Amino acid sequence: MSTSPNDPSKLGGNTEARRIMKGAAAAALAAFNASYLIEQSTRSQTISYALLDSTVALAAWMLDHGTDSYYKIARAFLGGPPSGNLTRDHILDNVTLYRLTGTGVSAARSYWESRRAQSAATGQTPPPVTLPVAFCAFPGEIFQAPRSWVQIGYPTLMYYNKPARGGHFAAWEEPQLFSEQLRAAFRSLRKPETRGSARRPQLVHVES
């Protein structure tokens, strides 16, 4: 996006900034093929029949989510080096977990529920965010919002970072890095250690 100044006020105020952000996000999703998003947002029950009935359909649904994750997962099955935690065994474990619990249906339905909530809130001013917010723009994510834009949506932003690795499924792909980001993000909210308590290990915080 060529028009992304660091100062949010230069975007023409919050209303205009939100419009630009929404357009940029939509363009990013279109570039990464958002067919799964469209189907699950409008016909989640249709895909749910296949997710419950066929292991092959479930695996295809999980493996072909986005371009970045697709190529990373494919490497694990084509003899290439795994991307972080995305090994063959871990990928098959995840597919099996969804299969045994039938949670592909609820995962698909969550898109439909979110779409309904967004439609119901059209034209309404969203309630202000009052909780502390942490945000990580992982390099393989579909849309990477700059800090200035995140600050508009979440005025209580207390932590922003751009890790060196990870994508849309960062917690699955890079669990160690993801947990480090969580600890770093909310460290300031922890209660101070009391005398005689066990000393916490030194945190290795990865910065790009």
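Residues numbered from 1 in each chain as written. Predicted model: local features only at pLDDT ≥ 70, side-chain atom pairs only at ≥ 80, totals over all residues. Heavy atoms only, no water.

Caption draft 1: Quick look at the overall build of the chain. The secondary structure content of the chain amounts to ten helices and two strands. Beginning at the N terminus, the succession of helices and strands in the chain can be written as α-α-α-α-α-α-α-β-α-β-α-α. Counting across all 208 residues of the chain, residues that qualify as buried make up 28%. Considering only contacts within the chain whose residues lie at least 6 apart along the sequence, 66% involve residues at least 24 apart. As presented, the chain carries roughly 13,400 Å² of accessible surface, and 57% of it is formed by carbon and sulfur atoms. (Helix = DSSP H or I, 4+ residues; strand = E, 2+ residues; numbered from the N terminus. Buried < 20%, exposed > 50% of the residue type's maximum accessible area, 1.4 Å probe, protein only. Contact = heavy atoms within 4.5 Å. Areas by Shrake-Rupley, 256 points an atom, 1.4 Å probe, with all protein chains shown as cover.)

Caption draft 2: Structural context of the layout of surface pockets. Empty space within the second largest pocket amounts to approximately 230 Å³. Elements that contribute at least two residues to the lining of the second largest pocket include exactly helix 2 (35–42), helix 4 (55–63), helix 6 (88–101) and helix 7 (104–120). Along the lines of polarity and charge, the residues of the lining of the second largest pocket split into eight nonpolar, three polar and no charged. (1 Å grid on protein atoms, 1.4 Å probe; cavity = no way out; pocket = protein on both sides within 12 Å on 5 of 7 lines; lining within 4 Å. Points joined across faces, edges and corners; volume = space filled by probe spheres on them. Nonpolar A, V, L, I, M, F, W, Y, C, P; charged D, E, K, R; others polar.)

Caption draft 3: View of the packing of aromatic side chains. Here the structure, examined in full by the defined rule, presents five aromatic pairs. On the numbers, 5.5 Å between centres and 75° between planes, the contact of Tyr70 with Tyr71 is edge-to-face. Judged by its relative accessible area of 53%, Tyr71 is exposed. (Phe/Tyr/Trp six-rings, centres within 6.5 Å; stacked < 30°, edge-to-face > 60°.)

Caption draft 4: Representation of the pairing of strand 2 (residues 157–161) within the structure. Extensive coverage of strand 2 is indicated by the burial of four of its five residues. Pairing of strand 1 (residues 133–136) with strand 2 involves four bridges; the strand directions are parallel. Note that in strand 2 the partner of Cys136 across the bridge is Asn161. Between the parallel elements strand 1 and strand 2, the chain passes through helix 8 (residues 147–153) in a crossover that is right-handed. (Pairing = 2+ DSSP bridges. Right-handed = clockwise from strand over helix to strand, strands pointing away.)

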